[in-house]
Amino acid sequence: MVYALCAWAVVVHGATLHGLILGGGSDALAFVWFLGWWPYALTHHLNPFFTHLVWQPQGLNLAWVTSVPALALLALPVTQLFGPVLSFNLLTLAAPIVSALAAYALCLYVARRPSAALLGGFLFGFGSYAMARQNEQLNLETTCFVPCLVLLVLARLDGRIGRFGTVAAGVAMLAAMAGVSLEMFATTVLSGGFAWLLAWGMLPPRRVALGSLFADALFAAPLLLLALFPLLSALFALPHDVSLPSFWPRIYATDLLNLIIPTGADRIGGLFFAPVSQNFPGNVSEQSGYLGLPLIILLWLALRGGRAYLRWLLVAMVIASLGPRLWLAGHNTGIPLPWALIQALPLMNKALPARMMLYADLAAAIAAALWLAEAIGWREQLLRLGFGLLAAIMLWPAPRPVQKIPYSTFFQPGRVEQVLGQNPRIAVLPFGFYSPSMFWQAESGFAFAQTGGYLGFPPARVQDDGVLMRIFFGIDDPAKVQGFAAYCHRTATNFVIAGPGAPADMVSGLRALGWPARQVDDVTILTVPAAP
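Rules and cut-offs
Residues numbered from 1 in each chain as written. Predicted model: local features only at pLDDT ≥ 70, side-chain atom pairs only at ≥ 80, totals over all residues. Heavy atoms only, no water. Phe/Tyr/Trp six-rings, centres within 6.5 Å; stacked < 30°, edge-to-face > 60°. Buried < 20%, exposed > 50% of the residue type's maximum accessible area, 1.4 Å probe, protein only. 1 Å grid on protein atoms, 1.4 Å probe; cavity = no way out; pocket = protein on both sides within 12 Å on 5 of 7 lines; lining within 4 Å. Points joined across faces, edges and corners; volume = space filled by probe spheres on them. Helix = DSSP H or I, 4+ residues; strand = E, 2+ residues; numbered from the N terminus. Expected span 1.5 Å × (residues − 1). Bend = angle between axes of the 7 residues up to and from the residue. Contact = heavy atoms within 4.5 Å. Nonpolar A, V, L, I, M, F, W, Y, C, P; charged D, E, K, R; others polar. Core = buried A, V, L, I, M, F, W, Y, C linked by side-chain atoms within 4.5 Å. Salt bridge = Lys/Arg side-chain N within 4 Å of Asp/Glu carboxyl O.

**Q** Describe in detail the packing of aromatic side chains, supporting the description with residues and values.
**A** The tally for this structure, following the rule as stated, stands at 32 aromatic pairs. Judged by centre distance (5.5 Å) and plane angle (90°), the rings of Trp248 and Tyr252 are edge-to-face. Comparing Trp248 with Tyr252, the two get one shared label, buried. Relative to Phe387, the ring of Trp371 lies with its centre 6.3 Å away and its plane at 65°, an arrangement referred to as edge-to-face.

Spelled out as structure tokens, the structure:
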């Protein structure tokens, strides 16, 4: 109940689950599209891992983007009955609650005291990592599998569960995690391997149990590959040209000052320290290193005299989050860090190091719960509880963003087909990152194909078109009208639909080229003439 109230206060804060989207920006609209796409694809007997409805004519391999198949299938009944917006809102609201409950169960297992576990659950479910991504990155805020896996490992090491149960539960949780976030799956496997090696070196009495756990992993590996076969075959067998900028792992890293300086995602001190935090690398949804001085002091007290394994695991995860080069107060110092080695691994060069704070937050939650639980006498218990509450209060997040549902009369079900016929190929204005086109497409019942879209970074084939990329990110360009027109011709676009919010200069520029235009409902429809 405590976690549910916290989530309602931070995530909903007076909004409604039907009338608004619990998320800011275009990422939330992309997830609404994904949640609508999976039921549509399955009921129309389409391959759900590939779509020709965006980035026509080649389409897009959805296995390489954040299509959250596990969450889409979980929410399928709600989506079918009430639409993808409600599904997105419910999943967004549930994410911190379920993650905090999973961490609570883990902390209760290790600390044996409910009040201590309650603090640990909050520090993980409502910590900086989770709240920086809340309402925008559904795939990254659904973190409940990580503490569940740790709890499973500890139960196995303690002999409370056998090989069959460990393998079955581990495969199920890892497969579900891959169906939410492949990046989280990969970094969890990487972090788990490091944690196992560290335990082997630092905990000799546990080596027999660690050997059994390693054998469990060998048994689980082929079963996991079998469970992930549809996803893996889509990744590597279907056409794909998803290419993320190579510099992302260098800038989406934790600034060292972020450990003690809050950002705009934090309620206390976020605005005051904005002149400092605005210089941190990346953006606010990736600036998730904040622990705060009270929690850092608490962790020092908890780990200074013992628990060397947990101490070094926490330090290692924090260092990993700093990226390949140390950032300090927004400046790249050039000092090399261990993540530079991780970047050399296949596929791991796509992972963003700032997201390793997920594992640091979990280690911190466990340490805080243990410290609180070991208090002796009621005075010490109250003192430690008060300090733990202070650490939690300093992490209290600012209300998470919400946005109005971008309804359009023209994109209501059945209207597009009525006006433009079956399966028209459309370019939507606004175009790209700041466009509601993904919501409009889902709202229309996927009645048209786009020659653009936003389901993540544009495909590699589009990135070479500098003018189009500037249009995509809302950057003005003197050649934007001619460049956009050329792109429409190259992709055999039938119509350009200028919806609410479309830039007037683009519409007037296309009209000036002689493109026929008509007003229908709340949009302007421009017919693309034959290429000159």
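**Q** Hey, could you go over empty space enclosed by the protein for me, with residue numbers and the actual values?
**A** All chains considered together, the criterion is met by two cavities of 30 Å³ or more. By volume, the largest cavity amounts to about 50 Å³. Looking at the largest cavity, the residues that line it are Tyr129, Leu140, Glu183, Met184, Thr187, Arg355, Leu358 and Tyr359. When contributions to the lining of the largest cavity are tallied by element, the ones reaching two or more residues are helix H11 (182-202) and helix H19 (357-373). Sorting elements by how many residues they give to the lining of the largest cavity places H11 first, with three residues.

**Q** Give me helix H12 (residues 207-227): which residues, what numbers.
**A** Its 21 residues give H12 an end-to-end C-alpha distance of 29 Å, which sits within 8% of 30 Å, the value for a rise of 1.5 Å per residue. In H12, a bend of some 30° at Ala220 exceeds every other bend along the element, and Pro222, a proline, comes one to four places later. Where H12 is buried, its residues meet helix H9 (145-157), helix H10 (163-178) and H11.

**Q** I'd like a rundown of the layout of surface pockets, residues and numbers included.
**A** Volume-wise, the second largest pocket comes out at about 360 Å³. Of all elements in the fold, only helix H16 (293-303) and helix H17 (308-321) reach the threshold of two or more residues within the lining of the second largest pocket. With five residues, the single largest contributor to the lining of the second largest pocket is H17. Broken down by class, the residue content of the lining of the second largest pocket amounts to 12 nonpolar, no polar and two charged.

**Q** Any details on the nonpolar core? Residues and values, ideally.
**A** Nonpolar side chains tend toward joint burial in soluble globular proteins. The biggest cluster of nonpolar side chains holds 165 residues, and the ones touching the most others in it are Trp33, Leu429, Phe484 and Val496. Beyond its immediate stretch of four places on either side in the chain, Leu429 contacts Trp440, Phe484, Val496, Ile497, Ala498, Gly499, Ala502, Met506, Val507 and Leu510.

**Q** Give a detailed account of the pattern of salt bridges, specifying residues and quantitative values.
**A** Within this structure, the stated rule accounts for 15 salt bridges. With its nearest N and O atoms 2.3 Å apart, the salt bridge here joins Glu183 to Arg355. In this pair, Glu183 is assigned in helix H11 and Arg355 in the loop between helix H18 (339-342) and H19, connecting sequence segments 172 residues apart. Among the residues examined, Arg355 registers a relative accessible area of 15% and is labelled buried. Arg384 is paired through a salt bridge with Glu380; the nearest N and O atoms lie 2.8 Å apart. Taken as a pair, Arg384 and Glu380 lie in helix H20 (residues 378-394) at a separation of four residues, close to a single helical turn. A residue is classified by how much of its surface remains accessible, and Arg384, at 14% relative accessible area, is buried. For Glu380, a relative accessible area of 26% gives the class partly exposed. Connected via shared salt-bridge partners are Arg133, Glu183, Glu286 and Arg355.

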